[in-house]
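Coordinates in review
Each chain, letter by letter, is given below.
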Amino acid sequence: MSPQQDGSAHVKEREIAVEQQAVDAAYARLAQMREQAAKRVRESYKVAQGGTYSALVDRDVQVMEAAIWERSLENAYNELVFGRLDLRPETPGEELETYRIGRLGVRTEELEPLVVDWRAPAAAAFYQAAPEDPQGVVRRRVLHCRGDKVLDIEDDLLDPDAAPDGMPVVGDGAFIAALARTRTGHMRDIVATIQREQDVVIRSPADVSVVVTGGPGTGKTAVALHRVAWLMFQHRRRFGSRGVLVVGPNRRFTDYIERVLPSLGEGGAALRSLGDVVNGAEATRHEDAVRAKLKGSPRMVRILRKAANDAPWGAPKDVRLIYQGTFFSLDAPQLVALRERMLRGGSRRPNAVRADVIRALQDAAWNAYQDAKRAAGDASPYDEYPDMLEDDRRTFLSELRSERPFADFVTAWWPQRTPLEVLRSLGDPAYLAEVSRGVLSAGDAAVLAESWRAVGQEGEPGAGLSYSDVALLDELDSLLGEGPRTARALAAANPYVVDGVNLLTGEETDDGSDPESGGFRELSTFGDRAAQRGVYQDEPDPEEFGHIVVDEAQDLSPMQWRMLARRGRHATWTVVADAAQSSWEDLEEARRSMDLALGTSRERRQFELTTNYRNPVEIADYAATLLHRFLPDAPLPRAVRSTGRPPEFVVADEADLAAAAGAAARRLAGEVEGTVGVIVPMTRLGAFTVPDVADLPDRVQVLGSLESKGLEFDAVVLVDPDKIASESPMGPRTHYVTATRATQLLVTVSVSVQDGTTAGG
Ligand SMILES: Nc1ncnc2c1ncn2[C@@H]1O[C@H](COP(=O)(O)OP(=O)(O)OP(=O)(O)O)[C@@H](O)[C@H]1O
């Protein structure tokens, strides 16, 4: 008997039992490994009893490594094994070689492999083998498990000629079933079903940057995250500890994808939205299209540079002083020249050179004082007694430093400024008009000033920052440079300082320490704290990363690209984008900005993903009609599932819009098991409440059109699609994005126009 597709329940049950045995053995071994790991963590704490610096560092490293290992064993617990490869034997006539593939490598105590880690080279064939290129694989089997139970299996016979007689081949579309499964509101990993074109991207060499394009639902995000897991596994030293930054468009999106990397055993990458990439800043709102375009433009650099380098608005332009009865002054042209000299070359930063500036001002004041005395005919005796010159000068300078008018002038004319202070100062319309002359029109300047005037008006100084503002703050941070760091800031950067106490020296580094404790409060280091949390998320980000992932990259403004470029000067990149989904108007400018960020020193590889795993054909076909309105020849990814349910189009009066959306959401929630997204135009978002669904807070989410980027729901209610398409120049593209969010059902609710019809969904 030759191998054959065998659908009989009996054969399938028997094969599931075989797999269950292997899975049980793997779990038994995993339990042992977890025990050993817990013991290792306990033992690591015993290192460094001596309390010397190097012993403490050793301990820190060991505790951290042991804890990370323990955590990854825990993460692997769910669906540890998901695949099997039967390979051609090396010597013809011998038995097939069999490997199980899983989330983690598991070996017996004798080091026999029970499970091969999916990222190991030996597992590559699981994803890459195809009938036209079997790579030694005779049969590939996908195990569909829940926890440690095997529920289903699906086989692919890749090399029938090499299959032994009677080899069972079972399956009835577990992959397609996996695509149709209920969405929970959090993205899941796809480790068991990564497809060949995706795997090629994931396993691209670590030294190349990859740019992945493809339509909605082609797995761009999934692929980028699996690439991170692969890089961190293959190059743990280089990328393991906070070496990778993953950036998504907004916080809703980062919340959506945050579980994928931990489920793959990698909790150590920094996951940030464009609104919180910058340490200490947090965006709370999106800009409208007009402001987003202005604030994202590279023209902003000129304005910000001028604001950073010029004296603050309203600062005195000259200063008049008196010393020992002699009046003297530093006049405006002199001060302008001094400022230019101090910042010469463009590479010197105002905060960084402030100490030099104060010295230069003192010298200038001394010279002005001398000139004033000479002008008053008060001949100095220095030609006769040159030693007096230095003495007098010293006395002059020390008294000048404590002179109130001089100190006030320095503080006003060249203050140490934070990026936020400078940004907020641009909220003064007259000042912004001044610094943006020749760059912005008066009207545009007024629009921007108004938005910055609102920053910090309610609550914290940084309250009300937009996603676009965060990139500007970062630009200002780099333009202003860093001033001398305070002891407190230095302490904050030192991992051995806990609650103001340096654990190595016992020194108290700030007044936040606990007087009761008398020195060492607790012997806990960075490693301990990271181990307790299992992740490092609360530590400040490093200044630069070894690898940066940019998701939804088509939406990045040039200013946002500059912000990321500063964090990846020596990095490799994974950039995923779909130009058709872009809300940034000037695609050519965005591409140039990306090129600048990625640099030319690394090889760059381009990939196109072509299969839509999210939408059923019914929704994909409808979305295609929207896409072809603005890009008639754009290629479309191939959808692989069908639900038999085309989108529904509902029309409602303006007054009944929310009620109609609520009714649709309620109905869809009854039809699908998972999530329902109610997507509304950004301009309606603030005031829009959906009746009828308050009792389903975990399942029904209301969100703005731009916020829906990258997300997906089992069912979607698209509210007022005409408005979504018309509320910004890139509205038709946003409309297309919103129409591609559903994995099963889509209902559009349009506003009826006067004759009772609508422009259509
Ligand atoms: N190989 C695969 N096996 C199973 N599911 C997959 C596979 N590839 C992608 N998916 C699923 O398809 C859906 C879409 O994937 P993803 O969000 O990564 O697409 P995308 O290209 O980033 O989409 P968009 O451009 O719309 O944001 C997700 O639910 C993902 O888990």
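Every value quoted in this text rests on a predicted model; they were computed, and no experiment measured them.

For the rest of this paragraph, the subject is the site of the ligand. In the neighbourhood of the ligand, 24 residues make up the surrounding shell, with Thr193, Lys220, Arg614, Glu712 and Arg741 lying closest. Contacts to the ligand include Arg741, whose side-chain N or O atom sits 2.7 Å from an oxygen atom. Isolated, the ligand exposes 630 Å² of accessible area, and the fraction of that covered by the protein chains is 99%. Those elements that provide at least two residues to the shell around the ligand are α4 (174-180) and α6 (220-234). Per element, the largest residue contribution to the shell around the ligand is three residues, and it comes from α6. Grouping the constituent residues of the shell around the ligand by class yields eight nonpolar, ten polar and six charged. Residues lining the shell around the ligand come from more than one domain, with at least three contributed by each of domain 2 (196-277 + 542-610) and domain 5 (617-751).

Looking now at the packing of helix α24 (residues 617-630) against helix α28 (residues 731-738). In contact at an axis separation of 9 Å, α24 and α28 are set at 165 degrees when each is read in the N-to-C sense. With respect to α28, the axis of α24 lies roughly antiparallel. Every pair of crossing elements has a handedness; the one defined by α24 and α28 is left-handed. Note on element contacts: α28 touches α24 through Pro732, Arg733, His735 and Tyr736, opposite Tyr622, Ala623, Leu626, Leu627, Arg629 and Phe630. Broken down by class, the residue content of the contact of α24 with α28 amounts to seven nonpolar, one polar and two charged.

Turning our eyes to something else, we now look at the pairing of strand β7 (residues 149-157). In this structure, strand β6 (residues 137-146) lies alongside β7, joined through eight bridges in antiparallel fashion. Across the sheet, residue Arg141 finds its bridge partner in β7, namely Asp155. A loop of two residues connects β6 with β7, the two strands running antiparallel in sequence, and Gly147 in this loop sits at a positive phi of about 60 degrees.

Summarising the model, the chain shows a mean pLDDT of 85, and 86% of its residues fall at 70 or more. Below pLDDT 50 for its whole length, residues 486-506 participates in 53 contacts with residues either more than four positions away or in separate chains. Low pLDDT, under 50, characterises residues 508-538; the stretch is placed with 76 contacts to residues that sit more than four places away or in other chains.

Here the focus is the UniProt feature "binding site: ATP" (unreviewed entry) in the chain. This chain's UniProt record puts "binding site: ATP" (unreviewed entry) on Gly214, Gly215, Pro216, Gly217, Thr218, Gly219, Lys220 and Thr221. Within the fold, Gly217 resides in the loop between β9 (209-214) and α6. By relative accessible area, Gly217 is classed as buried at 11%. Not counting residues up to four positions away in its chain, the partners in contact with Gly217 are Thr611, Asn612, Tyr613 and Arg614. The topology assignment puts Gly219 in the loop between β9 and α6. Once residues lying within four places of it in the same chain are set aside, the contact partners of Gly219 are Gln198, Leu609 and Tyr613.

Here the focus is the sheet that holds strand β11 (residues 270-273). The strand order β11-β10-β16-β17-β9-β18 describes an open sheet built from six strands, whose pairing is parallel. Here the strands that pair on one side only, and so sit at the sheet edges, are β11 and β18 (604-609). Each strand of the sheet is rotated relative to its neighbour by a mean of 15 degrees, with strand direction disregarded. Bridge analysis of β9 against β18 gives six bridges, and the strand direction is parallel. When the bridges of β18 are listed, Val211 appears paired with Gln606.

In this section: the packing of aromatic side chains. Note on aromatic pairs: each is described by the distance of the centres and the angle between the planes. Tallied over the entire structure, the rule returns 16 aromatic pairs. Taking 6.4 Å as the distance between ring centres and 55 degrees as the angle between the ring planes, the aromatic pair formed by Phe253 and Tyr256 counts as tilted. With a gap of three residues between them, Phe253 and Tyr256 both fall in helix α8 (residues 251-257), about one helical turn apart. Overall, Phe253 belongs to the buried group, its relative accessible area being 0%. Relative to Trp414, the ring of Trp413 lies with its centre 5.7 Å away and its plane at 55 degrees, an arrangement referred to as tilted. Accessibility expressed as a relative area gives 3% for Trp413, which makes it buried. Among the aromatic residues, ring-to-ring pairing joins Tyr323, Phe328, Trp366, Tyr369 and Phe396 into one connected group. A cation over an aromatic ring shows up here: Arg339 above the ring of Trp413, its NZ or CZ 4.3 Å from the ring centre.

Here the idea is simple: oppositely charged side chains can pair when their charged atoms come close. The tally for this structure, following the rule as stated, stands at 50 salt bridges. With a closest N to O distance of 2.6 Å, Glu287 and Lys295 form a salt bridge. When sorted by exposure, Glu287 lands in the same class as Lys295, which is buried. Between Arg569 and Glu544 there is a salt bridge whose closest N-O contact spans 2.9 Å. Residue Arg569 is found in the loop between α22 (558-567) and β17 (572-577), and its partner Glu544 is found in the loop between α21 (526-533) and β16 (547-550); the two are separated by 25 residues along the sequence. A relative accessible area of 29% means that Glu544 is categorised as partly exposed. Salt bridges linked by common partners bring Arg14, Glu15, Glu19, Arg84, Asp86, Arg100, Arg139, Arg141 and Asp155 together as one network.

A word on the sheet that holds strand β23 (residues 700-704). With parallel pairing, the five strands of this open sheet are ordered in space as β21-β25-β24-β22-β23. Two strands lie at the open edges of the sheet, namely β21 (648-652) and β23, each paired on one side alone. When the angles between neighbouring strand axes are averaged without regard to direction, this sheet yields 20 degrees. Two elements, strand β24 (residues 713-719) and strand β25 (residues 742-751), share six bridges in a ladder whose sense is parallel. What sits directly across from Val717, in β25, is Val747. Strands in contact with α24 are β21 and β25; relative to β25, the strand with the most contacts, it is inclined by about 45 degrees.

For Thr740, the position within the fold is in the loop between α28 and β25. Of the polar contacts made by the side chain of Thr740, one reaches the side chain of Arg741; its length is 3.0 Å. Residues within four places of Thr740 in sequence aside, it is in contact with Pro216, Arg614, Asn615 and Ala623.

Let us look at the nonpolar core. Of all hydrophobic cores here, the largest spans 62 residues; its most connected members are Ile101, Trp118, Val228, Val246 and Ile257. Counting residues per element, this core draws most heavily on α6, which supplies nine residues. When neighbours within four sequence positions are excluded, Val228 is seen to be in contact with Val244, Val246, Leu261, Ala269 and Val549. Among the nonpolar cores identified, the runner-up in size contains 55 residues, and Leu245, Leu465, Val550 and Trp573 belong to it.

Reading guide: rules and limits
Every chain is numbered independently, its residues counted from 1 as its sequence is written. Two thresholds apply to this predicted model, a pLDDT of at least 70 for residue-level local features and 80 or more for giving and counting side-chain atom pairs, whereas whole-chain, interface and lining totals are computed over all residues. Hydrogen atoms and water are omitted, and side-chain values are computed over all heavy atoms in the structure. For this description, a residue counts as near a given molecule or strand if any of its non-hydrogen atoms is within 4 Å of it. For the purposes of these results, a polar contact is taken to be a pair of N or O atoms within 3.5 Å, where, inside protein, one atom must be able to donate a hydrogen and its partner to accept one; residues adjacent in sequence count only when each atom of the pair is a side-chain atom. All accessible areas in this document rest on Shrake-Rupley with a 1.4 Å probe, and a residue is counted as covered only by the protein chains that are shown. Each helix is a run of H or I in the DSSP string that is no shorter than four residues. Each strand is a run of E no shorter than two, and both are numbered from the N terminus. The nonpolar class holds Ala, Val, Leu, Ile, Met, Phe, Trp, Tyr, Cys and Pro. Asp, Glu, Lys and Arg form the charged class, and all remaining residues, Gly among them, are polar. Boundaries of every domain are those given by an automatic assignment or by a domain database. Geometry is summarised by axes, namely lines fitted to C-alpha atoms with helices restricted to the contacting stretch, and by angles between N-to-C directions that run from 0 to 180 degrees. Roughly parallel means an angle under 35 degrees; roughly antiparallel means over 145; roughly perpendicular covers 65 to 115; every other angle is labelled oblique. Crossing handedness is read from the near helix: turned anticlockwise from the far helix by less than a right angle, it gives a left-handed crossing, and turned clockwise, a right-handed one. Should any heavy atoms of two residues lie within 4.5 Å, those residues are considered in contact. Strands qualify as paired when DSSP identifies two bridges or more between them. As a per-residue measure, pLDDT tells how confident the predictor is, with possible values from 0 to 100. UniProt positions are given in the numbering used here, feature names are shortened, and annotations may be inferred rather than shown by experiment. Classification of residues uses two cut-offs on accessible area relative to the type maximum, computed with a 1.4 Å probe and protein chains only: under 20% is buried, over 50% is exposed, and between them is partly exposed. Only centres within 6.5 Å qualify two rings of Phe, Tyr or Trp (six-membered ring in Trp) as a pair; their planes then separate them into stacked at under 30 degrees, edge-to-face at over 60, and tilted for everything else. Both a distance and an angle decide whether a charge sits over a ring: NZ of Lys or CZ of Arg must be within 6 Å of the ring centre and within 35 degrees of the ring normal. The term salt bridge refers to a pairing of a side-chain nitrogen on Lys or Arg with a carboxyl oxygen on Asp or Glu at a separation within 4 Å. By nonpolar core we mean a set of buried residues, namely Ala, Val, Leu, Ile, Met, Phe, Trp, Tyr and Cys, connected to one another through side-chain atoms within 4.5 Å.

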